[in-house]
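Overview (structure and organization)
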Amino acid sequence: MLQAEATALPVRRHWTLGLFRSELTTTFRRWRTLALLGVLAAVPVLIGVAVKIETSDGGPVGNGGGGGPAFITQITNNGLFLVFAALAATLPVFLPMAIGVVAGDAIAGESNSGTLRYLLVAPAGRTRLLLAKYAAACAFCLVAALVVAASALAVGSLLFPLGDVTTISGTRISFGDGLLRAGLVAVVVAASLTGLAALGLFVSTLTGSGIAAMATTVGLLITVQILDSIPQLHGIHPYLFPHYWLSFSDLLREPVYWDEVLKNLGLQTVYAAVFGSAAWARFTAKDITA
């Protein structure tokens, strides 16, 4: 009996890891996913070229008006700031919409195409399949953020000078330290989207239409962001998942301010737990007919 249980554990791990690898392969081989990553990679290019053209006469960005994404005025002095500006520009709209598409289609897309029932025939089971879907969505969050950061770094190094980084606090750190912080910022941005990924996964278990699930997830994202922008609703703002998204700017202080960053990560954990549990409860009780 004990020997059978000991043998079953590696088998279950094998199925879980195999299912996760399969989900990763399926997700990143889709033309839709590659198109989303291509659009995300193009945003830093557009920002970098626009800043380069606008400052070609030696003038400041936006004629000194300070318009545009955060950090954009520092790009001409240090191309590394294009990473922070690009992430700040894509985080409110482009990144979450891409996550909403991928997460919203996770279960509903399989149901719509008629492959969900065949996936559940394997010994993986519903819980492992759901975990694999969520893990793949979180992996996409990380890859998407890193694609934006890598594209911005490449464009920034080609169009602008690189060197020591002046932090928000006014102190200077080495380029290597700034590069490490840029990587940390990308990871924090990816983690900021995990709550939305769980919400999208839950929505995906409610319908058999991938398009409906994607549209609903993106619609909920827009609604929550509108609520977060209404001053009269300030009492609920700290509980909305996008509220602390731009807190990653505190990682560019010296010393680093962790308060809002940790609040953001804690809030995403709560959303992931709540909507992940709701997705599990719905999916495990769902009648799979296709």
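Scroll up a little and you will see the structure.
Bear in mind the structure is a predicted one, so any value in this text is a computation, not a measurement. (Residues numbered from 1 in each chain as written. Predicted model: local features only at pLDDT ≥ 70, side-chain atom pairs only at ≥ 80, totals over all residues. Heavy atoms only, no water.)

**Observations regarding the environment of Lys-52**
As for its position among the elements, Lys-52 is in helix α2 (residues 31–54). For Lys-52, a relative accessible area of 38% gives the class partly exposed. Spatially, the C-alpha atoms of Lys-52 and Phe-160 are 8.1 Å apart, while their sequence positions differ by 108 residues. Residue contacts for Lys-52: discarding those within four places in its chain leaves Leu-159 and Phe-160. A distance of 3.1 Å separates the side chain of Lys-52 from the backbone oxygen of Leu-159, its partner in a polar contact. (Helix = DSSP H or I, 4+ residues; strand = E, 2+ residues; numbered from the N terminus. Buried < 20%, exposed > 50% of the residue type's maximum accessible area, 1.4 Å probe, protein only. Contact = heavy atoms within 4.5 Å. Polar contact = N/O pair within 3.5 Å; in protein donor to acceptor, adjacent residues only side chain to side chain.)

**Concerning empty space enclosed by the protein**
In total, this model carries one cavity of 30 Å³ or more according to the counting rule given. Empty space within the largest cavity amounts to approximately 80 Å³. Along its surface, the largest cavity is lined by 10 residues, and Glu-23, Thr-27, Arg-30, Ala-106 and Lys-133 are the ones closest to its centre. Counting only elements with at least two residues in the lining of the largest cavity, the list comes to α1 (2–29) and α7 (125–159). (1 Å grid on protein atoms, 1.4 Å probe; cavity = no way out; pocket = protein on both sides within 12 Å on 5 of 7 lines; lining within 4 Å. Points joined across faces, edges and corners; volume = space filled by probe spheres on them.)

**Description of the pattern of salt bridges**
In the structure shown here, the tally under the stated rule is six salt bridges. One salt bridge in this structure joins Asp-105 and Arg-30, with 3.8 Å as the shortest N-O distance. Linking Asp-105 in the loop between α4 (94–104) and α5 (108–113) with Arg-30 in the loop between α1 and α2, this pair joins segments that are 75 residues apart in sequence. Classification of Arg-30 by relative accessible area gives partly exposed; the value is 28%. Here Arg-181 and Asp-177 are joined by a salt bridge, their closest N and O atoms 3.7 Å apart. In this pair, Arg-181 and Asp-177 both sit in helix α8 (residues 175–192), four residues apart, roughly one turn of the helix. Judged by relative accessible area, which is 10%, Arg-181 ranks as buried. Linked through salt bridges whose partners overlap, the residues forming this network are Arg-30, Arg-32 and Asp-105. (Salt bridge = Lys/Arg side-chain N within 4 Å of Asp/Glu carboxyl O.)

**Thoughts on the state of the cysteines**
In the structure shown here, the tally under the stated rule is zero disulfides. Cys-138 takes part in no disulfide bond, and the closest cysteine sulfur, belonging to Cys-141, lies 5.4 Å away. Look at Cys-138 and you get partly exposed, because its relative accessible area is 21%. For Cys-141, a relative accessible area of 0% puts it in the buried group. (Disulfide = S-S within 2.5 Å.)

**Considerations on unusual backbone geometry**
Between Glu-254 and the following residue, Pro-255, the backbone shows a cis peptide bond with an omega angle of 0°. With respect to the helices and strands, the residue Pro-255 is situated in the loop between α10 (210–228) and α11 (259–285).

**Overview of the packing of aromatic side chains**
Taken as a whole and judged by the stated rule, the model has six aromatic pairs. Between the aromatic rings of Phe-241 and Trp-245, the centroid separation amounts to 5.9 Å while the plane-to-plane angle is 50°, which identifies the pairing as tilted. Here the two residues Phe-241 and Trp-245 agree in accessibility, since each one is buried. Ring geometry for Phe-241 versus Tyr-271: centroids 5.4 Å apart, planes at 75°, classification edge-to-face. A residue pair is termed long-range when its members are at least 10 positions apart, and Phe-241 in the loop between α10 and α11 and Tyr-271 in helix α11 qualify at 30 residues. What makes Tyr-271 buried here is its relative accessible area of 15%. (Phe/Tyr/Trp six-rings, centres within 6.5 Å; stacked < 30°, edge-to-face > 60°.)

**Focus on the environment of Pro-238**
Along the chain, the position of Pro-238 falls in the loop between α10 and α11. Overall, Pro-238 belongs to the partly exposed group, its relative accessible area being 30%. Along the primary structure Pro-238 and Leu-267 are separated by 29 residues, whereas in three dimensions their C-alpha atoms are 8.7 Å apart. Setting aside anything within four residues of it in sequence, one finds Pro-238 in contact with His-243, Tyr-244 and Leu-267.

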